[in-house]
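Working through the structure, step by step
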Amino acid sequence: MEVRELLGQVKNGEVSIEDAERYLKRRPFEEMGYATLDSHREIRSGFPEVVFCSGKPDEYLTSIYQKLYELNGEVFGTRADRHQYELVRQVLPEVIYDEISHILKIEMEDKKRKGKVAVCSAGTADIPVAEEAAQTAEYFGSNVERIYDVGVSGIHRLFAKLPVLQEANCVVAVAGMEGALASVIGGLVSRPVIAVPTSIGYGASMNGLSALLTMINSCANGVAVVNIDNGYGAGYMATQINQLGTVKK
């Protein structure tokens, strides 16, 4: 919970002054021995801590999910597998797992979303990374428009979606192979484009390095690049940009 939100709830009588005082006095972290959870991250940055699931021991993962859910009323994890989902579901039955994006989450049902982020993928093989970006942006409060399989080998498909792209506060362009999609979109819209290279492609794509270099060397203005397969980072940054685009003057 952000401080502004907490103060608003106090003002509206939804939270007592005493409860608000206890919340603000709480330590800014939760020590678990094997992990130190950043319980005040949302206060500082606007977004709560997220779990990177891959490689975590089973017991650690379930305990971290329980604690974050206790602190925030919801929890979001990336790069999870089905085994981890089954483990977490034993202690938190409401948890949801998406096989495509590998996201493992419990989300508040009444969450309000605003603005618009467009998430594009060059091919269907790029969708797992694109979905990681899209679901991250949605979790953090953005409306997301998905535009998939619009790569440059059939560029007319992208042109058909131009009105949607041009209305968005931010566009995420996810592409493997040579990674040209980001440059094309960058030349068509007036809003920031976040390019996400993926590790999809044949041998010379070098597990995403070719796409990464293409995107970094883009001649289009307004294109920023995150790391290979980093859909989460793109979705997070897109939401920050989207929030700036929806701030009331």
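Scroll up to find the structure.
In this report, the structure presented in the accompanying data block is examined. Here the structure is a predicted model, which is why all the values come from computation and not from measurement. (Residues numbered from 1 in each chain as written. Predicted model: local features only at pLDDT ≥ 70, side-chain atom pairs only at ≥ 80, totals over all residues. Heavy atoms only, no water.)

1. Looking at the sheet that holds strand E11 (residues 223-225)
The condition is simple: If DSSP finds at least two bridges between two strands, the strands pair. In this text, helices come from DSSP runs of H or I with a minimum length of four residues, and strands from runs of E with a minimum of two, each type numbered from the N-terminal end. Helix axes use the C-alpha atoms of the stretch in contact, all axes being lines fitted to C-alpha atoms, and the angles between their N-to-C directions lie in the range 0 to 180 degrees.
Read from one edge of the open sheet, 5 strands run E8-E7-E9-E10-E11, paired in parallel fashion. Single-partner strands in this sheet number two, and they are strand E8 (142-147) and E11. Pairs of neighbouring strands in the sheet enclose a mean axial angle of 25°, with direction left out of account. The pairing of strand E7 (residues 114-121) with strand E9 (residues 170-175) spans 5 bridges and is parallel.

2. Section: the nonpolar core
Note the cut-off: Buried residues of nine kinds, namely Ala, Val, Leu, Ile, Met, Phe, Trp, Tyr and Cys, make up a nonpolar core once their side-chain atoms join them within 4.5 Å. Between buried and exposed lies partly exposed: a residue is buried under 20% and exposed over 50% of the maximum accessible area for its type, with that area taken using a 1.4 Å probe on protein chains only. The contact rule is simple, with two residues in contact once any of their heavy atoms fall within 4.5 Å.
Counting residues in hydrophobic clusters, the biggest one holds 22 residues, and the most contacted among them are Cys-120, Leu-165, Val-171, Leu-181, Ile-185 and Val-193. Sorting the residues of this core by element identifies E7, helix H8 (162-167), E9, helix H9 (181-186) and strand E10 (193-197) as the ones contributing at least two each. Setting aside residues up to four positions removed in sequence, Cys-120 forms contacts with Ile-147, Tyr-148, Val-150, Leu-165, Val-171, Val-172, Ala-173, Val-174, Leu-181 and Ile-185.

3. Looking at unusual backbone geometry
Located in the positive-phi region is His-102, a residue other than glycine, with phi close to 65°. Note on placement: His-102 falls in the loop between strand E5 (96-98) and strand E6 (103-106). With a phi close to 65°, Asp-229 is a non-glycine residue in the positive phi region. Here Asp-229 lies in the loop between E11 and helix H11 (231-245).

4. Brief notes about the environment of Ser-183
Going by this rule: Whenever a nitrogen or oxygen atom comes within 3.5 Å of another N or O atom, the pair is scored as a polar contact, on the condition that within protein one atom can donate a hydrogen and the other can accept it, and that pairs from neighbouring residues in sequence are kept only if both atoms are in side chains.
Looking at the secondary structure, you find Ser-183 in helix H9. A C-alpha to C-alpha distance of 14 Å links Ser-183 and Ser-210, two positions 27 residues apart in sequence. Each residue touching Ser-183, except ones within four places of it in the same chain, is listed here: Ser-218 and Ala-220. Engagement of the side chain of Ser-183 in a polar contact is seen with the side chain of Ser-218, the distance being 2.8 Å.

5. Some remarks on the pattern of salt bridges
Which entries qualify depends on this criterion: A carboxyl oxygen of Asp or Glu within 4 Å of a side-chain nitrogen of Lys or Arg is what we treat as a salt bridge.
All told, the structure shown has 13 salt bridges when counted by the stated rule. Its salt-bridge partner being Arg-82, residue Glu-86 comes within 3.1 Å of it at the nearest N-O pair. In this pair, Glu-86 and Arg-82 both sit in helix H5 (residues 82-91), 4 residues apart, roughly one turn of the helix. A relative accessible area of 28% places Glu-86 in the partly exposed class. Across the pair Arg-113 and Glu-107 runs a salt bridge whose closest N-O atoms are separated by 2.7 Å. Given the relative accessible area of 34%, Arg-113 is considered partly exposed. Among the charged side chains, a salt-bridge network with shared partners connects Glu-74, Lys-105, Glu-107, Lys-111 and Arg-113.

6. Observations regarding the sheet that holds strand E4 (residues 75-78)
Taken in spatial order, the 4 strands line up as E3-E4-E6-E5 in an open sheet, and their pairing is mixed. Edge positions in the sheet fall to strand E3 (51-52) and E5, since each of these pairs with one other strand and no more. By the bridge criterion, 3 bridges tie E4 to E6 in an arrangement that is antiparallel. Counterpart to Val-75 in the pairing with E6 is Ile-106.

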